[in-house]
Amino acid sequence: QVQLVESGGGLVQAGGSLRLSCVASERTLSSYAIGWFRQAPGKEREFVAAINWNGGSTDYADSARGRFTISRDNAKNSVYLQMNRLKPDDTAVYYCAVRRGYYSASKFVDQYNYWGQGTQVTVSS
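Worth saying up front: this structure is predicted, and the values here are computed from it rather than measured.

Participant: How would you sum up the pattern of salt bridges? Please name residues and give values.
Facilitator: As enumerated under the stated definition, the model contains six salt bridges in all. The closest approach of N and O atoms between Glu 46 and Arg 38, which form a salt bridge, is 2.6 Å. We note a salt bridge from Arg 38 to Asp 90, for which the minimum N-O separation is 2.9 Å. Here Arg 38 is found in strand 4 (residues 33–39), whereas its partner Asp 90 is found in the loop between strand 8 (78–83) and strand 9 (92–99), with 52 residues between them in sequence. Like Asp 90, Arg 38 is buried. Here the salt bridges share partners, and the residues they tie into one network are Arg 38, Glu 46, Arg 67 and Asp 90.

Participant: Could you give an account of the nonpolar core, with specific residues and numbers?
Facilitator: Within the largest apolar cluster, 28 residues are counted, with the highest numbers of intra-cluster contacts made by Trp 36, Val 48, Phe 68, Ile 70, Leu 81, Met 83 and Tyr 94. The set of elements that each furnish at least two residues to this core consists of strand 3 (18–24), strand 4, strand 5 (46–51), strand 7 (68–73), strand 8, strand 9 and strand 11 (119–124). Sequence-distant contacts of Tyr 94, defined by excluding residues within four places in its chain, comprise Glu 6, Leu 20, Trp 36, Phe 37, Arg 38, Val 48, Phe 68, Leu 81, Met 83, Gly 118, Thr 119 and Val 121. Ranked by size, the runner-up nonpolar core spans six residues in total, among them Phe 37, Ala 50, Ala 61 and Tyr 112.

Participant: Talk me through the state of the cysteines; I want residue IDs and the actual numbers.
Facilitator: Under the definition given, this model contains one disulfide. Residue Cys 22 pairs covalently with Cys 96 via a disulfide, S to S 2.0 Å. In this structure, the disulfide formed by Cys 22 and Cys 96 twists by about 60° around the S-S bond and is classed as right-handed. With Cys 22 in strand 3 and Cys 96 in strand 9, the pair connects residues that are 74 residues apart, well separated along the chain. Here Cys 22 falls in the buried class, since its relative accessible area comes to 2%.

Reading the values: rules and limits
Residues numbered from 1 in each chain as written. Predicted model: local features only at pLDDT ≥ 70, side-chain atom pairs only at ≥ 80, totals over all residues. Heavy atoms only, no water. Salt bridge = Lys/Arg side-chain N within 4 Å of Asp/Glu carboxyl O. Helix = DSSP H or I, 4+ residues; strand = E, 2+ residues; numbered from the N terminus. Buried < 20%, exposed > 50% of the residue type's maximum accessible area, 1.4 Å probe, protein only. Core = buried A, V, L, I, M, F, W, Y, C linked by side-chain atoms within 4.5 Å. Contact = heavy atoms within 4.5 Å. Disulfide = S-S within 2.5 Å.

Right, here's the structure in full:
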């Protein structure tokens, strides 16, 4: 069973920064695409950012582009989401997910096989 563990969430003021981390239990997952998604209360889970297997290709939601940066360290079986200039609208539970079996990233929720438990990000105004 693949396990993903997110960390790094918390409470921050608008304009601040947070760095989320996602560690996978399987070393082989370093060969697959990983995405970050978020879900705010009463809303559907939405795409934030994704990265392909070797970090050579990334994709961002319009709301994240220019403020967030996704990266990965395959030696540590980890993926990161650096979030800068945070806004109250960024408040949500953030999830990382693995697209096991695929090298390329996707922005679609149903393209990912395994999910972490999520980490809460709260941005105060």
